[in-house]
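# Observations on the three-dimensional arrangement
Here are the chains, one letter per residue:
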Amino acid sequence: CLCVPTAVRLLQMGFFPCALLGPTLAISLPLLSLVRQLFMHTPPNISAWSESHEAYLGGMGYKV
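Summarised in this report is the structure supplied together with it. (Residues numbered from 1 in each chain as written. Predicted model: local features only at pLDDT ≥ 70, side-chain atom pairs only at ≥ 80, totals over all residues. Heavy atoms only, no water.)

### Some words on the overall build of the protein chain
Convention followed: The secondary structure listing takes helices from DSSP runs of H or I that are at least 4 residues long and strands from runs of E that are at least 2 residues long, numbered from the N terminus. Throughout, radius of gyration means the C-alpha value; the globule benchmark is 2.2 Å times the number of residues raised to the power 0.38. The classification of residues rests on relative accessible area computed with a 1.4 Å probe and restricted to protein chains. Under 20% of the type maximum is buried, over 50% is exposed, and intermediate values are partly exposed. Only heavy atoms matter for contacts: two residues are in contact if any of them lie within 4.5 Å across the pair.
Summing up its helical and strand segments, the protein chain has three helices and two strands in all. Across the protein chain, helices and strands are ordered from the amino to the carboxyl terminus as α-β-β-α-α. For a compact globule of 64 residues, the expected C-alpha radius of gyration is about 11 Å, and the protein chain comes in at 15 Å, more than 25% above that figure. With respect to the three principal axes, the spread of C-alpha positions in the protein chain is 45 × 25 × 15 Å. Counting the 64 residues in the protein chain, one finds 14% classified as buried. Counting contacts in the protein chain only where the partners sit at least 6 residues apart, residues at least 24 apart contribute 5% of the total.

### Some points on the side chain of serine 52
By the secondary structure assignment, serine 52 is in helix α3 (residues 46-59). According to the relative accessible area criterion, serine 52 is buried, its value standing at 0%. Those residues within four positions of serine 52 in sequence are excluded, and the remaining contacts are Gln37, Leu38 and His41.

### Here's the deal with the packing of helix α2 (residues 29-40) against α3
The test is simple: Here an axis means a line fitted to C-alpha atoms, over the contact stretch when the element is a helix, while the angle between two N-to-C directions is reported on a 0 to 180 degree scale. For this classification, under 35 degrees means roughly parallel, over 145 means roughly antiparallel, 65 to 115 means roughly perpendicular, and everything else is oblique. By convention, the crossing between two helices is left-handed when the near helix turns anticlockwise from the far helix through less than a right angle, and right-handed when the turn is clockwise. Think of it as three bins: nonpolar holds Ala, Val, Leu, Ile, Met, Phe, Trp, Tyr, Cys and Pro, charged holds Asp, Glu, Lys and Arg, and polar takes everything else, Gly as well.
Viewed as axis vectors pointing N to C, α2 and α3 meet at an angle of 140 degrees, and their least axial separation amounts to 8 Å. Judged by the inter-axis angle, α2 sits oblique to α3. Once α2 is placed against α3, the crossing between them reads as right-handed. On the side of α2, the interface is formed by Pro30, Leu31, Ser33, Leu34, Gln37 and Leu38, while α3 contributes Trp49, Ser52, His53, Ala55 and Tyr56. Tallied by class, the residues present in the contact of α2 with α3 amount to seven nonpolar, four polar and no charged.

### Thoughts on α3
As a reminder of what qualifies: Each residue after the first adds 1.5 Å to the expected span of a helix. This arc corresponds to the set of directions leading from the helix axis out to the C-beta atoms.
Its 14 residues give α3 an end-to-end C-alpha distance of 20 Å, which sits within 8% of 20 Å, the value for a rise of 1.5 Å per residue. Buried within α3 we find Ala48, Ser52 and Tyr56. Looking straight down α3, one finds its buried side chains confined to an arc of 65 degrees; they lie on one side. The inward-facing, buried residues of α3 abut α2.

### A closer look at a nonpolar patch on the surface
The test is simple: The patches described consist of residues with a relative accessible area above 30% and no salt bridge, like charges being joined within 9 Å and nonpolar side chains (Val, Leu, Ile, Met, Phe, Trp, Tyr) within 5 Å. Computed with the Shrake-Rupley method and a 1.4 Å probe, the accessible areas treat only the protein chains shown as cover for residues. Here, a salt bridge means any side-chain nitrogen of Lys or Arg that lies within 4 Å of a carboxyl oxygen of Asp or Glu.
Judged by side-chain polarity, Leu11, Phe16, Leu29 and Leu32 come together as a nonpolar surface patch covering roughly 320 Å² of accessible area. Tracing the sequence through the fold places leucine 32 in helix α2. Look at leucine 32 and you get partly exposed, because its relative accessible area is 32%.

This is how it looks when you write it as structure tokens:
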């Protein structure tokens, strides 16, 4: 339906629009979730990367 803004339609499809009006780029919500997990484990080392992936995959129902 054209009565729903493009940004809302993108969100309904699982993407975050990078602009409210006429977005030309959108990022998947699962990818944003992964990035959030990475920033929660701030130190740039292998342990932080591993813990972030474990938390991300655990949130999706995977057992690591």
